[in-house]
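Close look at the chain arrangement
Below are the chains, spelled out letter by letter.
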Amino acid sequence: MTVPRYWRNIGAHYRLEGIRCKSCGEVSFPPRSSCPKCHSKDVEVVQLPRKGKVVSFSLLRSPPKGFEAYVPYYVVVVELENGVRVLGTLTDVFGEVKEGMEVEAVFRKISEDGEEGLIYYGTKFRPIT
Amino acid sequence: MSDNPVVVGTGLTKIGRRWEDSLSDLFAEASRQAIEEAGIQPQAVFVGNMVAGELDGQEHLGLALEDRAGVFPLVPAFKVESACSSGGSALLAGYMAVKSGVYDSALVVGVEKLSEEPSDNITTALAEAADADFEAYYGASFTSLNALLMRSYMKEYNVPRNWFSEIAVMMHKNAVDNPYAQLRKAITVDDVNRSRVIADPIRLLDCSPTGDGAAAILLTKPELAKGDVQVELAGMGVGVDTIGVNGRVSLSDVPATARAARAAFSAAKVEVKDLDVLEVHDAFTIMAALALEDIGVVGKGEGAKFFHEGSAERDGKLPVNPEGGLKARGHPVGATGVYGAVEVVRQLQGKAGKMQVPNAEIGAFHNLGGSGSHAVIGVFKRKR
Amino acid sequence: MKPKNPVSIYGWGSYVPPYRLTVAEISRVWGRDPVQYEEELNVKEKAVAGPDEDSATMAVEAGRNALSRAGVDPKEIGALYVGTESPPYAVKPTATTVAEALGVGPFSLAADLEFACKAGTEGLQAAIALVSSGMVKYGMAIGSDTAQGGPGDHLEYTAASGATAIIVGPSSKEAAATLEGSVSFVSDTPDFWRRYAARYPSHGEGFTGEPAYFKHVEGATRALMEELGLKPSDFDYVVFHQPNGRYPLTAAKALGISPSALKVGLLSPMIGNTYAAASITGFSAILDVAKPGQRVLVTSFGSGAGSDSFSFVIEEGIEGRRDKAKKVMDYVSKRVEIDYALYLKFRGGIRLGGGAK
């Protein structure tokens, strides 16, 4: 991954920023320069809620490169408190995972570029117990 | 007289680990069959491929392959890419080229090599069909995204796990008769259920294998086609949806397929009930079930049941994937759509051998890119 | 030292990972009698960071908890210091990553500090001074470490992971606690160190005791009490740096401080030594329960060596802030036991190559 590509997405990855369209009111993720619903350019960056519910999940055992250390891990779609959905992974899972379970956003390492490259941080979701 | 392009030649290569053959070798093998059958040279070539750039370091693929293959004089050459629907999209490009009159003939070749890298490199490359920054970035593999759909579907419609396993079993059974198939061994429901979990609930035998292959179709304007029995590409349609699963309205269906079906059937002036044979994109068993629903063969939640009841068998209500589908025939990603198209064409030509659906006159193939974001459907008709 | 304009703590927050590696398990692997470490050190188990955690991620969660209690806009934080001896990068400040994640900046001071286990309180001293001078409105100091000891080494039994963040601002009764004064006391005492090429730290064993820990903890604490005219019985709570569960009690005895004052802040027996987070996580546990009017003594110790000693008086405002974030004991009591193999896998103790990278 190029350094600028990672850097451009820091707001979305670190702070779970999306956009709100000032024209039609739609809140969406990931952040775009235009509203995905009405396509207006009049959008502003907003912080999305940091809590939500699991909509669907899959326990992944065959990872892409760079994720071997985390296997097995849950890939999930989370519906945040304001209805916006995001794709992510769970961390600190110590029990059963079920549709509808409540989760909170936490800041974690996502992967890294070997021993000499960048560390990629972002948001994962942790079950609220 | 219809201006629909006519299929004058097809080519297929056996799918598998083709260690001795490069991308251009596979391209040559498939395209030579099509050109020799037709006796016509193409005026343009459209190559369907997804990961040759990533895995082989070769962009500018259309030109590179036709030059290295040397099967015909160099012509305008284009790589067409839409993830796993690259083949279908390449066929769409050829269809538009000929139907519009810009070119008299177009060669469409889907070609892919997936067997030469370690599996984690393949997993990473195929994940490029998903959103790089907001799905692959977080470690979601392509299989895990499809698994989210399978879990959601199973929960919503209460479909037993075994019904999906049965789909894989049927595909393997069909492929035993297919000399081009990658996997030609029968399996059992038990084999599927005990195979290792890739991303729960998807197991190894729910997934199509990764392999190498090329398929080719040569299309021409109707005036150039000879012979009594001709197969025309009667219509095509594309449907789309968001690239990320987080943007989908539901995780239990694929509206992109429904949109493609409506457009394709309308263009071809057919209805679902007119189909004699259907090739669906069963990259994972769940996708086979969803395809039947979204294409309109059955209602929501009834897809797996259609297979379970035997209605998809060669002698069933509507034969689906009589050649083994992606699951057993194989899924060399960018080539797959063209394999599906060629299989339909050969059914309509009466050249399907042991896999023949009797009196097949109208057939369709379905090709899906991403986790449900870009569907291509093509309808072929036998002309008299 | 007394800041010219008084300074108060507005927010505090901690993070301790859920994984626990017991002293008994480490002893099993290295063939030691667990009694040797459990009793001699008074430590039962240590907190271990998971594979997707590091000093930055833990600092962010602690920082978010502190911000919840402080109730301030992160854009008003004018200084952010991360004290750590296990930064994710040798060169690239953890503080800017943490700042971005918390929404602090861009107009802010930010830096990583290294002073072994007192880097967190070193940052606190700097934040206090910046607030007092009026240069910044609020300052945040974080101590965060994923400490490691050499395999089988004495220190491996206690080197643990955790983080605590403290936000300071201009003094107010509505804040949580107000600083009465502080003392910093340093000398070149090489009791524990790590050269660049070394993967694990070296230490002077017994030398880390008298000439290092005790001299600086006792020296700084005595000087503080003298400057402020306070005696041991004036403090309701006392927390010292806690490399194990014994040293703080020994120091307290030498200073005439009752062991009961140390109870709430002594966490090492349950989570090990969280290095730059150690004394301030104990302090955080105290703030979770302390009542207005009570007085708290905090003395850190960092090898190499030095101590920062502080006296705080709890304000009325603490009551309304306490429950706005998870408490230290919420994290301490969330406990998942792992074995030595998982610990190695989590903390990079297994050199990957070939298939797994």
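Residues numbered from 1 in each chain as written. Chains lettered and ligands numbered in written order. Predicted model: local features only at pLDDT ≥ 70, side-chain atom pairs only at ≥ 80, totals over all residues. Heavy atoms only, no water.

The tally for this structure, following the rule as stated, stands at 48 salt bridges over all chains. Residue Glu-17 of chain A is joined to Arg-15 of chain A by a salt bridge in which the shortest nitrogen-to-oxygen separation is 2.7 Å. Of the residues examined, Arg-15 of chain A reaches a relative accessible area of 17% and is grouped as buried. Two residues, Arg-194 of chain B and Asp-190 of chain B, come together in a salt bridge whose shortest N-O distance is 3.4 Å. A residue pair is termed a helical-turn pair when its members lie 3 or 4 positions apart in one helix, as Arg-194 of chain B and Asp-190 of chain B do in helix H8 (residues 189-194) at four residues. Linked by salt bridges that have partners in common, Asp-92, Arg-108 and Lys-124 of chain A together with Asp-52 and Glu-53 of chain C make up one network. (Salt bridge = Lys/Arg side-chain N within 4 Å of Asp/Glu carboxyl O. Buried < 20%, exposed > 50% of the residue type's maximum accessible area, 1.4 Å probe, protein only. Helix = DSSP H or I, 4+ residues; strand = E, 2+ residues; numbered from the N terminus.)

Listed by partner, the interface residues are 36 residues for chain A and 31 residues for chain B. Across the chain A/chain B interface, buried area totals approximately 2800 Å², and carbon plus sulfur atoms make up 59% of it. Taken as a group, Lys-65, Arg-85 and Leu-87 of chain A account for 20% of the area that chain A buries against chain B, more than any other trio of residues on that side. The tally of links between chain A and chain B comes to one salt bridge. Viewed at the interface, chain B and chain A are joined by 17 residue pairs in polar contact (both at pLDDT 80 or more). Counting residues per element, the side of chain A that touches chain B draws most heavily on strand E4 (residues 51-60) of chain A, at six residues. (Contact = heavy atoms within 4.5 Å. Buried area = accessible area lost by both parts, 1.4 Å probe. Polar contact = N/O pair within 3.5 Å; in protein donor to acceptor, adjacent residues only side chain to side chain.)

Our next topic: helix H6 (residues 142-157) of chain B. Between its first and last C-alpha atoms H6 of chain B spans 23 Å; for 16 residues at 1.5 Å apiece the expected length is 22 Å, and the two agree. Downstream of H6 of chain B by a residue or two, Asn-158 of chain B has a phi angle that is positive, lying close to 55 degrees. (Expected span 1.5 Å × (residues − 1).)

Right, let's talk about the state of the cysteines for a bit. The tally for this structure, following the rule as stated, stands at zero disulfides over all chains. The closest cysteine sulfur to the non-disulfide-bonded Cys-35 of chain A is located on Cys-24 of chain A, 3.7 Å from its own sulfur. A relative accessible area of 1% places Cys-35 of chain A in the buried class. Here Cys-84 of chain B stays free of any disulfide, with the sulfur of Cys-207 of chain B as its closest cysteine sulfur at 12 Å. (Disulfide = S-S within 2.5 Å.)

Residues and elements named next belong to chain C. Strand E1 (residues 7-15) sits mainly inside the fold: nine of its nine residues count as buried. Taken together, the eight bridges between E1 and strand E7 (residues 161-170) define a ladder with antiparallel strand orientation. Across the sheet, the residue bridging to Ser-14 is Thr-164, located in E7. Here two bridges tie E1 to strand E8 (residues 177-186), and the two strands are oriented antiparallel to one another. (Pairing = 2+ DSSP bridges.)

Evaluation of the coordinates by the stated rule reveals 31 aromatic pairs over all chains. Aromatic ring contacts, followed pair by pair, group Tyr-6, Tyr-14, Phe-107, Tyr-120 and Tyr-121 of chain A together with Tyr-137 and Tyr-138 of chain B into a single cluster. Directly above the aromatic system of Tyr-70 of chain A lies the positively charged group of Lys-124 of chain A, at a separation of 4.4 Å from the ring centroid. Taking NZ or CZ as reference, Lys-92 of chain C lies 5.2 Å from the ring centre of Tyr-89 of chain C, over its face. (Phe/Tyr/Trp six-rings, centres within 6.5 Å; stacked < 30°, edge-to-face > 60°. Lys NZ or Arg CZ within 6 Å of the ring centre and 35° of its normal.)

As a further point, take the pairing of strand E2 (residues 45-48) of chain B. Residues and elements named next belong to chain B. Side chains Val-45 and Val-47 project from E2 onto one buried face, and the interleaved Phe-46 and Gly-48 project onto a second face that is buried too. In this structure, E2 lies alongside strand E3 (residues 77-80), joined through four bridges in parallel fashion. When the bridges of E3 are listed, Phe-46 appears paired with Phe-78. Two strands pair when backbone bridges link them, and E2 and strand E4 (residues 105-112) are joined in this way by four bridges, in the parallel orientation. By the bridge assignment for E4, Phe-46 is matched with Val-108.

Our focus in this paragraph is unusual backbone geometry. Cis geometry marks the peptide bond from Phe-29 of chain A to Pro-30 of chain A; its omega dihedral reads 5 degrees. Here Pro-30 of chain A shows up in the loop between strand E2 (27-28) and strand E3 (43-47). A cis amide bond links Gly-304 of chain C to the next residue, Ala-305 of chain C, at an omega of -15 degrees. Residue position: Ala-305 of chain C is located in the loop between strand E12 (295-299) and strand E13 (306-314). Unlike most non-glycine residues, Leu-16 of chain A shows phi in positive territory, near 55 degrees. Note that Leu-16 of chain A resides in the loop between helix H2 (10-15) and strand E1 (17-21).

Before going further, it helps to examine helix H7 (residues 161-175) of chain B. Residues and elements named next belong to chain B. The terminal C-alpha atoms of H7, which comprises 15 residues, lie 22 Å apart, in line with the 21 Å expected from a rise of 1.5 Å per residue. Taken residue by residue, H7 has Arg-161, Phe-164, Ser-165, Ile-167, Ala-168, Met-170, Met-171, His-172, Asn-174 and Ala-175 as its buried positions. The inward-facing, buried residues of H7 abut H6, H8, strand E6 (202-203), helix H10 (285-295), helix H11 (303-308) and helix H12 (325-329).

Residue and element names in this part refer to chain C. One open sheet holds the three strands; their spatial order is E3-E2-E14, and the pairing between them is mixed. Two strands close off the open sheet at either side, each with one partner strand: strand E3 (45-48) and strand E14 (336-337). Here four bridges tie strand E2 (residues 19-22) to E3, and the two strands are oriented antiparallel to one another. Looking at the pairing, Leu-21 lines up with Lys-46 of E3.

All names here are of chain B. Close contact between H6 and H10 brings their axes to 9 Å; oriented N to C, the two are set at 65 degrees. In this structure, H6 crosses over H10, and the sense of that crossing is left-handed. Two secondary-structure elements touch here, H6 through Asn-146, Leu-149, Met-150 and Tyr-153 and H10 through Thr-285, Ile-286, Met-287, Ala-289, Leu-290 and Glu-293. Partitioning the contact of H6 with H10 into residue classes produces seven nonpolar, two polar and one charged. (Axes fitted to C-alpha atoms, helices over the stretch in contact; angles between N-to-C directions. Left-handed = near helix turned anticlockwise from the far one by under 90°. Nonpolar A, V, L, I, M, F, W, Y, C, P; charged D, E, K, R; others polar.)

Moving on, we get to the sheet that holds E1 of chain C. Residue and element names in this part refer to chain C. Taken together, the nine strands give an open sheet; going across it, the order is E5-E4-E6-E7-E1-E8-E13-E12-E11, and neighbouring strands pair in mixed fashion. With partners counted over all chains shown, the strands left at the sheet margins are strand E5 (109-113) and strand E11 (237-240), one partner each. Each neighbouring strand pair of the sheet contributes to a mean axis angle of 20 degrees, computed without reference to strand direction. Here strand E6 (residues 138-146) pairs with E7 via eight bridges, running antiparallel. Across the sheet, Ile-142 pairs through a bridge with Ala-165, a residue of E7. Against the sheet, helix H3 (residues 55-70) touches E1, strand E4 (77-83), E6 and E7, its axis set at about 135 degrees to E1. Packing of helix H5 (residues 119-132) onto the sheet brings it into contact with E1, E4, E5, E6, E7, E8 and E13, and relative to E6 it is tilted by some 175 degrees.

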